[in-house]
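For reference, the chains in residue letters:
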Amino acid sequence: MTVAPVRATGIGSWPGTSVREAVRTVRDLLLEGDGVGLPFLPETPARGPGADIIGRAAGLLVDLPVDLQPSGWRFVDRPGRDAGRTASLLREELDELAEAYDGYIGPLKLQVAGPWTLAASVRLNRGERALVDTGASAELVESLAAGIARWVADVRRLVPGAEVVLQLDEPSLPAVLEGLLPTDSGFGRIRSVDPQVAARGLQTVLAAHDGPTVIHSCHPSAPLPLLRSTGVGAVAIDLTGATPARWESVAATLDTGTGVWAGVLPTDGSGTSTGAHRLVVDGLERAGLAADALRGLVVTPTCGLAGLTPQGARDVVRAALDTARRLGEEVDR
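Every chain is numbered on its own, with residues counted from 1 as its sequence reads. The predicted nature of this model means local features are confined to residues of pLDDT at least 70 and side-chain atom pairs, given and counted, to a pLDDT of 80 or more, with totals for whole chains, interfaces and linings taken over all residues. To obtain the side-chain values, all non-hydrogen atoms of the structure were included, while hydrogens and water were left out.

## Observations regarding the packing of aromatic side chains
And step 1. Only Phe, Tyr and Trp rings are paired, with Trp represented by its six-membered ring, and only when their centres lie within 6.5 Å; those with planes under 30 degrees apart are stacked, over 60 edge-to-face, the remainder tilted. Within the structure shown, the criterion is met by 1 aromatic pair.
And step 2. Measuring from ring centre to ring centre gives 5.2 Å for Y101 and Y104, while their planes differ by 75 degrees; the resulting arrangement is edge-to-face. With respect to burial, Y101 and Y104 carry one shared label: buried. Accessible area is worked out with a 1.4 Å probe on protein chains only. A residue is then buried under 20% of its type maximum, exposed over 50%, and partly exposed in between.

Okay, here's the thing in C-alpha cells:
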C-alpha cells in the first residue's frame with residue numbers, strides 16, 4: 001500500500017459501549033486502501049469507570065494500584081474491585097484488536113494519558129492530587145513508563161505486523177505548568193511544575209517506546225516549544241482557532257523536524273473538509289511555508305468524538321480523510 005503524503009487519523013475516543021463495534025468501525029474507516037488513513041485503537045469511555053482517560057491510564061501503572069472514590073481515582077495499598085474491572089476492560093480492548101487486525105501490517109496508534117495529566121488527576125491517600133508530591137509524581141512517571149512498555153509489548157505480540165505509534169494525551173499540561181489547578185481545599189492553587197521537570201517526565205515516558213511517538217494537547221495554549229524539546233516525533237494540537245502567532249509556532253515546530261498533527265475538524269458539526277483544507281493552506285501560507293511543508297502532516301478531528309453519535313463520529317473522520325486527500329494534492333502539484 002502506498003503511503004499518502006498527508007494522512008488522517010482520530011485523536012482516540014469513540015462513542016458507544018461496544019469495543020468490538022468501535023475497533024472494527026475505526027479499522028474499516030481508516031483502511032480504505034489509499035494509504036491516507038492511520039488506524040488506532042479507539043477508547044470507549046461510555047463503558048464506564050476504567051474506560052475513562054484517567055482510569056484507563058492508571059490501570060497501566062506498575063505497582064501503583066488505584067481505586068475509584070467520589071473525588072476520582074486514588075492510590076491505594078492493594079488492588080481491589082476497581083482495578084480488576086479496569087484490567088478486564090483493557091484485556092477486552094486487546095482481544096478485539098487482535099481479532100480485527102489479524103494479519104495486518106502497518107502503523108497502529110495507541111493513546112494513553114500522559115504523566116502530568118495523570119498526576120493532576122489521580123489522588124494520594126490523603127486526598128491531594130499526586131502532583132503536589134514531587135516524589136509521588138516521579139514514581140508515577142516511572143510506573144507509567146513501565147506500564148506502557150508492557151502494553152506495547154502485548155500489542156506487538158497480538159498484532160506482530162503492527163508498527164505501534166504511541167500518543168500521550170496531555171490536556172492538563174498547560175494548567176500544570178501555569179499553576180492553575182486547585183488544591184484539595186479549593187482555597188488555593190497547586191504550585192506550577194518547572195518546565196524542565198515537565199519535559200524530563202515526558203521524555204522518560206516517551207523513552208519507554210522505541211517506535212513513533214506523538215504528544216497531544218488540545219488546549220489553545222499547548223506549549224509547543226516545550227513539547228518539541230522532548231524529542232517527540234510529532235505534536236498533535238487543535239488549530240481551529242489558531243492565531244497567526246500560533247501558525248508561526250507551527251512553522252518553527254516543522255523547521256525543527258518535529259511533525260505536526262493538525263486538529264482542524266471540529267466535533268460540533270461545524271467542520272467541513274473544504275473549510276479544514278482552507279484553514280491549513282492559509283495558515284501555512286501566512287507562516288511563510290510552501291506546500292511541501294504539508295508532506296508528513298496528519299489531519300485529525302479536534303477532541304470530543306466520544307460525545308457524538310456513532311454516525312456523527314464516522315462523518316467527522318471521513319471529513320478528515322477527505323481533507324488529507326485534498327492537502328495531498330497540494331503537495332503533488
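## Focus: unusual backbone geometry
And step 1. The backbone of D63 shows a phi angle near 60 degrees, a positive value even though the residue is not glycine.
And step 2. Using a relative accessible area of 71% as the deciding quantity, one classes D63 as exposed.

## With respect to the packing of helix α3 (residues 81-100) against helix α5 (residues 134-158)
And step 1. Here α3 crosses α5 at 30 degrees, and the two axes come no closer than 9 Å. In terms of orientation, α3 lies roughly parallel with respect to α5. Seen from above, α3 lies across α5 with right-handed handedness. Counted together, L94, L97 and A98 of α3 and W151, D154, V155 and L158 of α5 form the full contact between these two elements.
And step 2. A per-class count over the contact of α3 with α5 returns 6 nonpolar, no polar and 1 charged. Whenever a helix is involved, its axis is fitted only over the stretch in contact; in every case the axis is a line through C-alpha atoms, and angles between N-to-C directions fall within 0 to 180 degrees. The helix and strand labels rest on DSSP assignments: H or I over at least four residues marks a helix, E over at least two residues marks a strand, and numbering proceeds from the N terminus. By definition in this entry, angles of less than 35 degrees are roughly parallel, angles greater than 145 are roughly antiparallel, angles of 65 to 115 are roughly perpendicular, and the rest are oblique. Crossing handedness is read from the near helix: turned anticlockwise from the far helix by less than a right angle, it gives a left-handed crossing, and turned clockwise, a right-handed one. It only takes one pair of heavy atoms within 4.5 Å for two residues to be counted as in contact. All amino acids are sorted into three groups, where Ala, Val, Leu, Ile, Met, Phe, Trp, Tyr, Cys and Pro are nonpolar, Asp, Glu, Lys and Arg are charged, and the leftover types, Gly among them, are polar.

## Some details on the pattern of salt bridges
And step 1. Salt bridge criterion: a side-chain nitrogen from Lys or Arg within 4 Å of a carboxyl oxygen from Asp or Glu. The final tally for this structure, using the stated rule, is 20 salt bridges.
And step 2. D184 is the partner of R123 in a salt bridge, and the nearest nitrogen-oxygen pair spans 3.3 Å. Taken together, the residues span a long stretch of sequence, with R123 in the loop between α4 (115-119) and α5 and D184 in the loop between α6 (173-178) and α7 (195-206) at a distance of 61 residues.
And step 3. The class of D184 is partly exposed, set by a relative accessible area of 44%.
And step 4. Connected through shared salt-bridge partners, E43, R47, R56, E92 and E93 make up one network.

## Digging into the side chain of S172
And step 1. Following the sequence through the fold, S172 ends up in the loop between β5 (162-169) and α6.
And step 2. A relative accessible area of 18% means that S172 is categorised as buried.
And step 3. Not counting the four nearest positions on each side in its chain, S172 is found in contact with T117 and A120.

## Examining the sheet that holds β5
And step 1. A pair of strands counts as paired when DSSP detects no fewer than two bridges linking them. Reading across the sheet, the 7 strands line up as β1-β9-β8-β7-β6-β5-β4 and stay open at both edges, with parallel pairing between neighbours. Pairing within the sheet leaves two strands with one partner each, and these edge strands are β1 (7-8) and β4 (106-113).
And step 2. Sheet topology note: the strand β8 (residues 259-265)/strand β9 (residues 298-301) ladder contains 4 bridges and is parallel. Looking at the pairing, W261 lines up with V298 of β9.
And step 3. The strands touched by helix α9 (residues 244-255) within the sheet are β7 (234-238) and β8, with β8 carrying the most contacts at an inclination of about 145 degrees.

## Focus on the nonpolar core
And step 1. In this description, a nonpolar core means a group of buried Ala, Val, Leu, Ile, Met, Phe, Trp, Tyr and Cys residues linked to one another through side-chain atoms lying within 4.5 Å. Ranked by size, the top nonpolar core spans 102 residues in total, and within it W14, F75, L118, L131, L297 and V299 carry the most contacts.
And step 2. Those residues in contact with V299 that lie beyond four places of it in its chain are V6, R7, A8, T9, A262, V264, L265, A320, T323, A324 and L327.
And step 3. Among the nonpolar cores identified, the runner-up in size contains 7 residues, and L38, V165, A236 and W261 belong to it.

## Regarding α9
And step 1. Working rule for helices: expected span equals 1.5 Å times residues minus one. The end-to-end C-alpha distance of α9, which contains 12 residues, comes to 17 Å, matching closely the 16 Å that a straight helix rising 1.5 Å per residue would cover.
And step 2. Of the surrounding elements, those touching the buried residues of α9 are α8 (224-229), β7, β8 and α10 (273-286).
And step 3. In the stretch just after α9, G257 is the one whose phi turns positive, near 95 degrees.

## A short note on the pairing of β4
And step 1. Burial within β4 is extensive, with 8 of its 8 residues counted as buried.
And step 2. Two strands pair when backbone bridges link them, and β4 and β5 are joined in this way by 8 bridges, in the parallel orientation. Paired with L110 across the strands is L166, a residue of β5.

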